[in-house]
Amino acid sequence: QMQLVESGGGSVQPGGSLRLICTGSGETLEYYAIGWFRQAPGKEREGVSCIDSSGDSTIYADSVQGRFTISRDNAKNTAYLQMNRLEYDDAAIYYCAAAHGGSSCRPYEYDEWGQGTQVTVSS
């Protein structure tokens, strides 16, 4: 049984940075695509960034492209989301998820989910 745990969330000022960490346990993440999703109050859950199992292909939401970077370290069973130049609209609960298939970075493609980590952006 796969378990995913997010960490690294917190409160930052606009323009600040955070690195989110997704750690898998129970089974290897090696064969899964990993996605980062977020949900803010009153908004739908949206795909932020996704990465394929090998780490060769990545997808970013237009709103974060150029500011966020997704990566993974299969040897550590871990994935990351480096978030730079954070904006008020980035505030949300961020979720890590895993999928055997899918390529559009949409939530329905992802099968296993962590519990989320809160990101707050305030001045």
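Since we're looking at a predicted model, the values are computed, not measured.

Q: Give a description of the pattern of salt bridges that names residues and reports values.
A: Under the criterion given, the structure shown has four salt bridges. Several salt bridges share partner residues, and in doing so they unite Arg38, Glu46, Arg67, Glu87 and Asp90 into one network.

Q: Kindly report on the nonpolar core, identifying the contributing residues and their values.
A: Ranked by internal contacts, the top residues of the largest apolar core, which has 27 residues, are Trp36, Phe68, Leu81, Met83 and Tyr94. Counting only elements with at least two residues in this core, the list comes to strand 3 (18-25), strand 4 (33-39), strand 5 (46-51), strand 7 (68-73), strand 8 (78-83), strand 9 (92-99) and strand 11 (117-121). The element that contributes the greatest number of residues to this core is strand 9, accounting for four residues. Residues within four places of leucine 81 in sequence aside, it is in contact with Leu18, Arg19, Leu20, Trp36, Val48, Ser49, Phe68, Thr69, Ile70 and Tyr94. Of all hydrophobic cores here, the second largest spans seven residues; its members include Ala33, Phe37, Cys50 and Ala97.

Q: Break down the state of the cysteines for me, with residues and values.
A: All told, the structure shown has two disulfides when counted by the stated rule. Paired through a disulfide, cysteine 22 and cysteine 96 show a sulfur-sulfur distance of 1.9 Å. Judged by the sign of its S-S torsion, about -70 degrees, the cystine formed by cysteine 22 and cysteine 96 is left-handed. A residue pair is termed long-range when its members are at least 10 positions apart, and cysteine 22 in strand 3 and cysteine 96 in strand 9 qualify at 74 residues. Under the relative-accessibility criterion, cysteine 96 is labelled buried at 0%.

Q: Could you give me a rundown of the environment of glycine 55, with the residues and numbers involved?
A: Position of glycine 55 relative to the elements: it lies in the loop between strand 5 and strand 6 (58-60). Considered as a pair, glycine 55 and serine 17 are 38 residues apart in the sequence and their alpha carbons are 22 Å apart.

Q: Please provide a residue-by-residue account of the packing of aromatic side chains, values included.
A: Within this structure, the stated rule accounts for three aromatic pairs. Arranged with centres 5.0 Å apart and planes meeting at 70 degrees, the rings of phenylalanine 37 and tyrosine 110 form a pair that is edge-to-face. Here phenylalanine 37 is found in strand 4, whereas its partner tyrosine 110 is found in the loop between strand 9 and strand 10 (112-113), with 73 residues between them in sequence. Phenylalanine 37 gets classed as buried once you look at its relative accessible area, which sits at 0%. Measuring from ring centre to ring centre gives 4.9 Å for phenylalanine 37 and tryptophan 113, while their planes differ by 50 degrees; the resulting arrangement is tilted. Taken together, the residues phenylalanine 37 in strand 4 and tryptophan 113 in strand 10 connect sequence positions 76 residues apart. Overall, the relative accessible area of 25% leaves tryptophan 113 in the partly exposed class. Three or more aromatic residues link up through ring pairs in this structure, and these residues are Phe37, Tyr95, Tyr110 and Trp113. Looking at arginine 45, its charged tip hangs above the ring of tyrosine 95, at a distance of 4.0 Å from the centre. Looking at arginine 45, its charged tip hangs above the ring of tryptophan 113, at a distance of 4.9 Å from the centre.

Reading the values: rules and limits
- Residues numbered from 1 in each chain as written.
- Predicted model: local features only at pLDDT ≥ 70, side-chain atom pairs only at ≥ 80, totals over all residues.
- Heavy atoms only, no water.
- Salt bridge = Lys/Arg side-chain N within 4 Å of Asp/Glu carboxyl O.
- Core = buried A, V, L, I, M, F, W, Y, C linked by side-chain atoms within 4.5 Å.
- Buried < 20%, exposed > 50% of the residue type's maximum accessible area, 1.4 Å probe, protein only.
- Helix = DSSP H or I, 4+ residues; strand = E, 2+ residues; numbered from the N terminus.
- Contact = heavy atoms within 4.5 Å.
- Disulfide = S-S within 2.5 Å.
- Phe/Tyr/Trp six-rings, centres within 6.5 Å; stacked < 30°, edge-to-face > 60°.
- Lys NZ or Arg CZ within 6 Å of the ring centre and 35° of its normal.

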